[in-house]
4 protein chains.
Amino acid sequence: MQSFKNDYSEGAHPRILQALLASNLEQEEGYGEDRFTVQAAECLKARMDGADVDIHLFPGGTQTNLTALAAFLRPHEAAVAAGTGHILVHETGAIEATGHKIIAIPSDDGKLRPAQVQAALDAHTDEHMVKPRLVYISNSTEIGTIYRKEELEALSRFCRERGLYLYADGARLGSALCSGENDLTLADMARLTDAFYIGGTKNGALLGEALVIRRAELKADFRFHIKQKGALLAKGRLLGIQFLELFRDDLFFELARHANAMAGRLQSGIAALGCGFLIHSPSNQVFPVLPDAIIRRLELKYAFHVWSRAGADSSAIRLVTSWATREEAVAAFLEDLKAAL
Amino acid sequence: MQSFKNDYSEGAHPRILQALLASNLEQEEGYGEDRFTVQAAECLKARMDGADVDIHLFPGGTQTNLTALAAFLRPHEAAVAAGTGHILVHETGAIEATGHKIIAIPSDDGKLRPAQVQAALDAHTDEHMVKPRLVYISNSTEIGTIYRKEELEALSRFCRERGLYLYADGARLGSALCSGENDLTLADMARLTDAFYIGGTKNGALLGEALVIRRAELKADFRFHIKQKGALLAKGRLLGIQFLELFRDDLFFELARHANAMAGRLQSGIAALGCGFLIHSPSNQVFPVLPDAIIRRLELKYAFHVWSRAGADSSAIRLVTSWATREEAVAAFLEDLKAAL
Amino acid sequence: MQSFKNDYSEGAHPRILQALLASNLEQEEGYGEDRFTVQAAECLKARMDGADVDIHLFPGGTQTNLTALAAFLRPHEAAVAAGTGHILVHETGAIEATGHKIIAIPSDDGKLRPAQVQAALDAHTDEHMVKPRLVYISNSTEIGTIYRKEELEALSRFCRERGLYLYADGARLGSALCSGENDLTLADMARLTDAFYIGGTKNGALLGEALVIRRAELKADFRFHIKQKGALLAKGRLLGIQFLELFRDDLFFELARHANAMAGRLQSGIAALGCGFLIHSPSNQVFPVLPDAIIRRLELKYAFHVWSRAGADSSAIRLVTSWATREEAVAAFLEDLKAAL
Amino acid sequence: MQSFKNDYSEGAHPRILQALLASNLEQEEGYGEDRFTVQAAECLKARMDGADVDIHLFPGGTQTNLTALAAFLRPHEAAVAAGTGHILVHETGAIEATGHKIIAIPSDDGKLRPAQVQAALDAHTDEHMVKPRLVYISNSTEIGTIYRKEELEALSRFCRERGLYLYADGARLGSALCSGENDLTLADMARLTDAFYIGGTKNGALLGEALVIRRAELKADFRFHIKQKGALLAKGRLLGIQFLELFRDDLFFELARHANAMAGRLQSGIAALGCGFLIHSPSNQVFPVLPDAIIRRLELKYAFHVWSRAGADSSAIRLVTSWATREEAVAAFLEDLKAAL
């Protein structure tokens, strides 16, 4: 059974395991104060044109989101997110568990634009309602779309004018920044948001996300929050070594490019067979719409999520590729789909 | 510089890294539903005489504690802990951040006995105060002491009679169970507590703690809580592979025995030099009391914590050993101490 | 300026103030253990055919909602509410501040029906999402509609089959139960819900809401929750005396009938002038749709909320009546509207 | 049965009820935006020499404390309180329920001094522990002692130097400020603390506490917090009318002086009979130490709390007086005690 269910089905890229092996018996400080973590942060800052940012490494994405939002927001302040936002749908109320409401905004493509956020502001007028304070976006989004630079610039400008924080969930930021349609850089992300995170788990690491905080007022005492939420690993070196390996050269981007290339091949191959898609998604998630009978046939050999009903007899499925997806697996899938149609 | 600061200064035991390498490219289910995690849980249950327990793997100890206590307690219920308890002192208010008070009980040796807990019950009489509901203990404790079987049995019986949950933090459970003075087993831990966790991070794993829930009413929906607190790793295999390697044979216990042996050698060597100790600690933490001038001399070559002031010119220091502590390092430390005295 | 802004613009019904005066110097137990509170609870139970319920008096509605839901739900459980629900919109995230998500369900008339709740259940399938556990309804709703007995019975049956708690916010329950279209009784409310509250503040009291808990498992330790949330008044007699006065005879219902009668007169008078309504609302809130120019004219003499835009040049306004609304005020409003049209 | 259990056994001072009656049918804005509340705040500010403070009226003390501390503290910040502090002991974990730890400091007389707070600061050194941020004191304290001006000035200076907020719980501030040993004024309280509250419930009101916020950074958006915690009464006039009546002339202080006079008479009368006291308490709470047999005799005619064991056969009891305590009741108690001894 070949899985296209997600981008975390395998372990880590071999270079990462080698880096762990090579440093294994060196004694280091705990809790993220080891030299690998320090170096990883330096590498990351260099990629952001030396921006004055703080960088903290986390074990996972939900924990990054909940720690950051709980630290950034006062009790009456709320986040604003697209209806598809991961924090809104797939984190078991992690943000609400820290006391904060998330205001859902309908969005067809998973992205937010100023007019949509303005509508949320207009609906929250006084102290009987929460105060929208932070705009949460994902790049790439949960449905594979990505932000163009002009879109992020417009949203960033809007947020600054309105006194809103802009926070980007980058669980799949590698895939977004390496998309053929992308014109954003890591430096742009740091410049245009107040904080964002760079996902390692879904791009070759065993685990790990790097939170980048740019706005000065959000930096204070942040390690207290990490510890309080249980995210300060005793062997923080585990995260530092991985991010150092990913960013000391271009490994992070190479892995994302491979994932995107495999997704692109799936997308063009499926299109060539005459099938449509739920949405145009230029990153490592592809959402073809297939007849249900075909889906059942494919499920015998491939693992993937059936995403949503698309018609009386058809559904959209989600195919996810990763740094580890083999060309042969893609080719076989397309062969099997062709045979089934 | 040789560090005796803690038991998480190195990476993982080499067998663990080999196990990660060997399985790295296999595709597995995410979120702890992989076959390694399933097998690890089976191995652990077998060590507990097949007890009817649920086992969940976590990235770290603070997260295990906060997830468990938040899940187990209703909003008005409190935990009871020794004044030295890790949740009370060194977790940045993680438990309070989930809404629960911790009632501190003074304890000279870091352990709790029924009479002490009864005093806390007596002081909490009505709805104007929190309701003590869960007794938190550590084994070994934060100051290296361990529970004898009769002590744990007495506390367990007391808790059941009073309707209290008994929860054991086992960050250093390996060292406790492999102490020369220990007469408890993993099966006893499962039998006598309502839940406890087995620490991997401080006993040879890269990261990971195994929470064991025995009481039926505490098991329901537990994975929701793990996810909500951000502790459900996408690549849960990372934890499963490690615990499987630690428990498929006696590796976990061998590593703890080594740590204890090194601590024992330090303890007897220091005693032979005529120095006293803050407390009798038969596990992998040793607390010798030394003249401050000697401490300053040792700090030039060794890293360790100065724990507490012991007199006008002397302090207790903490020396921690681990699976990775080399005999040569212990011998050198004793040599240097002898030379300094 | 005559206000139709709400049903809490005046103080209390004179009989309530007299009751406070008459008992003022009697010494009583604090914290709701006074004899007035005990008697009030007995009177209320008698109105519910002696149902086996617990009754707790609260200062206000938001506090009742947040205390009840925080007590009833475990950390991963969520409430389900109509998009217009008070807890969702007008309580500044009070429920989320206790850690719980509220799942919003679109509803044209402010009411929930089984199929709508089922859709929410269908969308929440596993531990990556919150678990819907409590259905929150309002009667009357925030837009003046009320539940018919068969509707509440269907919803109640559905909730029991699905293991959901049914909770009714009765801030305006008096008006609902005294509506000309109502066929529910207090006893029905107790029989069909797991908990509900009876609003005093909006029906003649200075302040006060009576929470009724029917389901046994929700009763335990409830006074701890009241105290923890700051809702246990030292002089609890203040609430007891008022509810005793409202329910020792039919005062509560007389006041609601008066409010409804005044609303009915407004509604029929406005309809007779040819104006339409946002929604059919058979309780003490009326939502006529008027030309904006007329609204501006009326605002010179009357206070009311402009509720929502209804067209290019017209809006719905909200007129609320109460036990204190005078017939002359209603007549004057209708005269002035007629003159303005 | 005459009760000396507390200062909230009766209703309100008759002038307060008259004020409610006189204004009862006037229509007013809801939620504390009525003219009475505005006037009450003006009267209070005038008593503080026109200090630039914000004033918010709350239904009760626990709610005031929990709303203020939840608003003032970031998630990792803790309050520091004397071991007897009301928030630490008698509020069912209300502060912890908002996510914050309270650090307990042993104190014989219920008061805090800079050296004690410094010790708490010294014990909290890094991000593995909570960060002490707010010092909570009570005046009068829970055991009847009061702060002298020089004590409060020293604590205030210390807090400002260390970046700590100073917050005073004034549930019994009236009694403190009217004590024969007091040299503080309301203006001093405003000048020396960052926020404090003036208790109405225990000094003649039906209910109500006035929170005074002086420090600018703590004022922002405060009404959101009041609403979120359920403390924003729809008929906020109820609080405004009462505080206006208490402070439009000297009523508040007259009532406190009466309570203190009655306590003083009890204290000197009991001392004259040869009995000692748990502590010197120059306010409206008196703690005589009596033989247990005498206590049992007194309990037949008087209600009071047995506070703590004082010896093998004796205990301290607590006698509380109020604005409503009659001279005859005090005289009768002293007679009966004399007869019993």
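Quick look at the overall build of chain A
At step 1: On a plain count of helices and strands, chain A comes out with 14 helices and 14 strands.
At step 2: Relative to the globule expectation of 20 Å for 341 residues, the C-alpha radius of gyration of chain A, 20 Å, shows essentially globular dimensions.
At step 3: Considering only C-alpha atoms, chain A reaches an extent of 60 × 55 × 35 Å along its principal axes.
At step 4: The contacts in chain A between residues at least 6 apart in sequence include a share of 74% that link residues at least 24 apart.

Some points on the sheet that holds strand S2 (residues 54-58) of chain A
All names here are of chain A.
At step 1: Spatial ordering of the open sheet is given by S2-S8-S7-S6-S5-S3-S4, a layout of seven strands whose pairing is mixed. Among the strands making up the open sheet, the edge pair consists of S2 and strand S4 (102-105). For this sheet, the mean inter-axis angle between neighbouring strands, taken without regard to orientation, is 25 degrees.
At step 2: Strand direction decides the pairing type here: strand S3 (residues 77-82) and S4, joined by four bridges, are parallel. Across the sheet, residue Ala82 finds its bridge partner in S4, namely Ile105.

Some details on the relation of the copies chain A and chain B
Two chain copies, one operation linking them: a rotation about an axis together with a shift along it.
At step 1: Mapping chain A onto chain B calls for a rotation angle of 180 degrees and an axial translation of 0.0 Å; the resulting RMSD is 0.0 Å. Seen this way, the second copy is the image of the first under a two-fold rotation axis.
At step 2: Both copies contact each other with a shared surface, as 100% of the interface residues of chain A are interface residues in chain B too.

Brief notes about the domain arrangement of chain A
All names here are of chain A.
At step 1: Domain annotation for chain A reports domain 1 (2-7 + 253-340) and domain 2 (14-251).
At step 2: For domain 1 and domain 2, the distance between their C-alpha centres works out to 27 Å.
At step 3: Taken together, the contact pairs 17 residues of domain 1 with 20 residues of domain 2.
At step 4: Residue assignment for the side of domain 1 that touches domain 2 shows that the elements contributing at least two residues are helix H12 (251-272) and strand S10 (285-286).

A short note on the relation of the copies chain D and chain C
At step 1: Rotating chain D by 180 degrees about the axis while translating it 0.0 Å along that axis superimposes it on chain C, leaving an RMSD of 0.0 Å.
At step 2: A shared binding surface is used by both copies, with 100% of the interface residues of chain D retained as interface residues in chain C.

Side note on the packing of helix H2 (residues 35-47) of chain A against helix H11 (residues 237-247) of chain A
All names here are of chain A.
At step 1: Viewed as axis vectors pointing N to C, H2 and H11 meet at an angle of 35 degrees, and their least axial separation amounts to 7 Å. Our pair here, H2 against H11, has a crossing hand that is left-handed. Of the residues in H11, those touching H2 at Phe36, Thr37, Gln39, Ala40, Cys43, Leu44 and Arg47 are Arg237, Leu239, Gly240, Ile241, Phe243, Leu244 and Phe247.
At step 2: Per-class residue counts for the contact of H2 with H11 are nine nonpolar, three polar and two charged.

Some details on the interface of chain A and chain B
At step 1: With 38 residues of chain A in contact, the opposing surface of chain B contributes 39 residues.
At step 2: Counting residues per element, the ones that place at least two in the side of chain A that touches chain B are helix H1 (14-23), helix H3 (61-72), helix H5 (94-97) and helix H10 (222-228) of chain A.
At step 3: For the side of chain A that touches chain B, a count of residues per class yields 17 nonpolar, 16 polar and five charged.

What about the packing of helix H1 (residues 14-23) of chain D against helix H11 (residues 237-247) of chain D?
All names here are of chain D.
At step 1: Relative to each other, H1 and H11 sit at 130 degrees, their axes nearing to 9 Å. Here H1 lies oblique to H11, going by the angle between them. Seen along the crossing, H1 lies across H11 with a hand that is right-handed. Taking contact as the criterion, the partners of Arg15, Ile16, Ala19, Leu20 and Ser23 in H1 are, on H11, Ile241, Gln242 and Glu245.

A few points about the nonpolar core
Buried together is how nonpolar side chains tend to be arranged in soluble globular proteins.
At step 1: Counting 217 residues, the largest nonpolar core has C:Val135, C:Val212, D:Val135 and D:Val212 as the members making the most contacts within it.
At step 2: Counting 216 residues, the second-largest nonpolar core is a separate cluster that includes A:Leu20, A:Cys159, A:Ala205 and B:Tyr31.

Notes on unusual backbone geometry
At step 1: Between B:Asn139 and B:Ser140 the backbone carries a cis peptide bond, its omega angle lying at -5 degrees.
At step 2: Mapped onto the elements, B:Ser140 comes out in the loop between strand S5 (131-138) and helix H7 (149-162).
At step 3: The backbone of D:Thr92 shows a phi angle near 50 degrees, a positive value even though the residue is not glycine.
At step 4: Structurally, D:Thr92 is set in the loop between helix H4 (86-89) and helix H5 (94-97).

Structural notes on the interface of chain D and chain C
At step 1: Listed by partner, the interface residues are 39 residues for chain D and 39 residues for chain C.
At step 2: Contributing elements (two or more residues each) for the side of chain D that touches chain C: H1, helix H3 (61-72), H5, helix H10 (222-228) and H11 of chain D.
At step 3: Element by element, the count of residues in the side of chain D that touches chain C is highest for H1(D), at four residues.
At step 4: Across the side of chain D that touches chain C, the residue classes tally to 17 nonpolar, 16 polar and six charged.

Some remarks on H7(B)
Note that an α-helix has 3.6 residues per turn; residues three or four places apart therefore point the same way.
Residue and element names in this part refer to chain B.
At step 1: Taking 1.5 Å of rise per residue, the 14 residues of H7 would be expected to cover 20 Å, and the 20 Å separating its terminal C-alpha atoms lies within 8% of that figure.
At step 2: What H7 keeps buried is the set Leu152, Leu155 and Cys159. The buried residues of H7 occupy an angular sector of 65 degrees when the element is viewed end-on, so they sit on one face. Exposed side of H7, more than 90 degrees from the buried face: Glu150 and Glu161 are the residues found there.
At step 3: Those residues of H7 that are buried are in contact with helix H6 (114-123), S5, strand S6 (165-169) and helix H9 (186-192).
At step 4: Gly163, located one to two residues past H7, shows a positive phi value of around 70 degrees.

Focus on the sheet that holds strand S4 (residues 102-105) of chain B
Residue and element names in this part refer to chain B.
At step 1: Pairing in this open sheet of seven strands is mixed, and the strands run S2-S8-S7-S6-S5-S3-S4 from one edge to the other. Of all the strands in the sheet, the pair left with one neighbour each is strand S2 (54-58) and S4. Neighbour-to-neighbour, the strand axes of the sheet open up by a mean angle of 25 degrees, direction not taken into account.
At step 2: The pairing of strand S7 (residues 195-199) with strand S8 (residues 209-213) spans five bridges and is antiparallel. Residue Ala195 lies in a different strand from S8, and its bridge partner there is Ile213.

Focus: the confidence of the model for chain A
At step 1: Counting all residues, the mean pLDDT for chain A is 97, and 100% of those residues have values of 70 or more.
At step 2: In the predicted complex, the global pTM is 0.97; the interface-specific ipTM is 0.97.

Details of the pairing of strand S7 (residues 195-199) of chain C
All names here are of chain C.
At step 1: Burial of S7 is extensive: five of the five residues sit out of reach of the surface.
At step 2: Side-chain alternation along S7 places Ala195, Tyr197 and Gly199 on one buried face and Phe196 and Ile198 on a second face that is also buried.
At step 3: Where strand S6 (residues 165-169) meets S7, two bridges bridge the pair, whose relative direction is parallel. Along S7, the bridge assignment pairs Ala168 with Phe196.

Thoughts on the pairing of S2(A)
All names here are of chain A.
At step 1: The buried fraction of S2 is high, at four of five residues.
At step 2: Direction of pairing for S2 relative to strand S8 (residues 209-213): antiparallel, over a ladder of five bridges. Across the sheet, the residue bridging to His56 is Leu211, located in S8.

Here is what the cut-offs are and how they apply
- Residues numbered from 1 in each chain as written.
- Chains lettered and ligands numbered in written order.
- Predicted model: local features only at pLDDT ≥ 70, side-chain atom pairs only at ≥ 80, totals over all residues.
- Helix = DSSP H or I, 4+ residues; strand = E, 2+ residues; numbered from the N terminus.
- Rg over C-alpha atoms; globule rule 2.2 N^0.38 Å.
- Contact = placed C-beta atoms within 7 Å.
- Pairing = 2+ DSSP bridges.
- Axes fitted to C-alpha atoms, helices over the stretch in contact; angles between N-to-C directions.
- Least-squares fit on C-alpha atoms with pLDDT ≥ 70 in both.
- Domains from an automatic or database assignment.
- Left-handed = near helix turned anticlockwise from the far one by under 90°.
- Nonpolar A, V, L, I, M, F, W, Y, C, P; charged D, E, K, R; others polar.
- Parallel < 35°, antiparallel > 145°, perpendicular 65-115°, else oblique.
- Core = buried A, V, L, I, M, F, W, Y, C linked by C-beta atoms within 7 Å.
- Buried ≥ 20, exposed ≤ 12 C-beta atoms within 10 Å, placed from the backbone.
- Expected span 1.5 Å × (residues − 1).
- Arc of directions from axis to C-beta.
- pLDDT = per-residue confidence, 0-100.

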